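# Working through the structure, step by step
Okay, here's what each chain looks like letter by letter:
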Amino acid sequence: MVKINILIIGDHGLVMDSIRQLLEREPALEVVGAVFSPAELEKEIAHFQPDIIVIDAPNQRQNNLIWTKNISSRFPASKVVMLSGDASAEYVHAVHEAGAYAFVSKCDSAETLIHAIRESYRGVKSFPADLAFYDGSPLTDMELAVLDLIARDKTNSEIGEQLNISKRTVEHHVSSILRKLHVKSRAGAVGKAFRLGLLE
């Protein structure tokens, strides 16, 4: 069985021990170490070469983001999972922008944390479903053209006529747009696209 090696970063010994015990109940997860001092962080990452780094976020929010950015740029093979009591949209977005692979609220279940670790190991990002994220998959030129016409309140048939493609192809592009923007409706896609600067 392939083991997922995990390094925990935090500043509360009891909490970190609890996380370690929780994770090591899973046969495929192995906690290789714990870091209490930021000064030791890079040395420990280089030594353990973990697949996953779980940051048990202390209150200094800015430090957590700085650590995440540094780890993401210097140790890209080690994916960051942020565990935090602050689940505000602003902070979760900042964690996402800093390069973390997952955000787990301390109100979430142990299963949520374990799932986030497994998904991050596979290279899949895990963030709260109710928050709007653009997954970084670029919309194609055709998808942008379709999105622009959706914003102009055109039907799929009208979009097909204007772009000289079939209605079925338009439907395929619309599905792809909704998936990439993590939204459920055409209106949601348009609103999200404006917020992300994909439409002017």
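Here the structure is a predicted model, which means the values were calculated and not measured.

## Quick look at the overall build of the protein
What the protein contains, in helices and strands, is nine helices and five strands. Secondary structure elements of the protein, listed N to C terminal, follow the sequence β-α-β-α-β-α-β-α-β-α-α-α-α-α. If you line up the protein on its principal axes, its C-alpha atoms span 60 × 35 × 30 Å. By residue count, 40% of the 200 residues in the protein fall in the buried class. Here the analysis covers contacts within the protein between residues at least 6 apart in sequence; of these, 64% occur between residues at least 24 apart. Total accessible area on the protein is roughly 11000 Å²; 50% of this is exposed by carbon and sulfur atoms. The averaged location of the 26 negative side-chain charges in the protein is 3 Å from the averaged location of its 22 positive side-chain charges.

## Points about the layout of surface pockets
Volume-wise, the second largest pocket comes out at about 150 Å³. Around the second largest pocket, the lining residues are Val15, Ile19, Leu22, Asp56, Leu83, Val104, Ser105, Lys106, Asp108, Ser109, Ala110 and Leu113. Of all the elements in the fold, those that place two or more residues in the lining of the second largest pocket are helix 1 (13–23), strand 5 (102–105) and helix 5 (110–121). Tallying contributions element by element places helix 1 first for the lining of the second largest pocket, with three residues. Among the residues making up the lining of the second largest pocket, the classes are represented as seven nonpolar, two polar and three charged.

## Some remarks on helix 9 (residues 186–196)
Three- or four-residue spacings in an α-helix give side chains the same orientation, since the helix completes a turn every 3.6 residues. Within helix 9 the residues assigned to the buried category are Ala189, Val190, Lys192 and Ala193. Structurally, helix 9 contributes buried residues whose contacts are with helix 6 (141–151) and helix 8 (167–181). Of the residues flanking the end of helix 9, it is Gly197, one or two places downstream, whose phi is positive at about 80 degrees.

## Overview of the environment of Arg168
Note on placement: Arg168 falls in helix 8. Here the alpha-carbon distance between Arg168 and Asn156, two residues 12 residues apart in the chain, equals 8.5 Å.

## Examining the domain arrangement of the protein
Segmenting the protein into domains produces domain 1 (4–133) and domain 2 (141–196). The C-alpha-based centres of domain 1 and domain 2 are spaced at 35 Å.

## Observations regarding the sheet that holds strand 4 (residues 79–84)
Sheets are built from strands that pair by backbone hydrogen bonding, the pairs being arranged parallel or antiparallel. On the basis of which strands lie adjacent, the open sheet formed by five strands has the order 2-1-3-4-5 and parallel pairing. At either end of the open sheet lies a strand with only one pairing partner, and these are strand 2 (29–35) and strand 5. Averaged over all adjacent pairs, the angle separating strand axes in this sheet is 25 degrees, with direction ignored. In this sheet, strand 5 lies alongside strand 4 in parallel orientation, the contact comprising four bridges. Paired with Val81 across the two strands is Ala102, which belongs to strand 5. Docked against the sheet, helix 1 engages strand 1 (4–9), strand 2, strand 3 (52–56) and strand 4, running at close to 165 degrees with respect to strand 2.

Criteria and cut-off values
- Residues numbered from 1 in each chain as written.
- Predicted model: local features only at pLDDT ≥ 70, side-chain atom pairs only at ≥ 80, totals over all residues.
- Heavy atoms only, no water.
- Helix = DSSP H or I, 4+ residues; strand = E, 2+ residues; numbered from the N terminus.
- Buried < 20%, exposed > 50% of the residue type's maximum accessible area, 1.4 Å probe, protein only.
- Contact = heavy atoms within 4.5 Å.
- Areas by Shrake-Rupley, 256 points an atom, 1.4 Å probe, with all protein chains shown as cover.
- Lys, Arg positive; Asp, Glu negative; His and termini not counted.
- Charge placed at Lys NZ, Arg CZ, Asp CG, Glu CD.
- 1 Å grid on protein atoms, 1.4 Å probe; cavity = no way out; pocket = protein on both sides within 12 Å on 5 of 7 lines; lining within 4 Å.
- Points joined across faces, edges and corners; volume = space filled by probe spheres on them.
- Nonpolar A, V, L, I, M, F, W, Y, C, P; charged D, E, K, R; others polar.
- Domains from an automatic or database assignment.
- Pairing = 2+ DSSP bridges.
- Axes fitted to C-alpha atoms, helices over the stretch in contact; angles between N-to-C directions.

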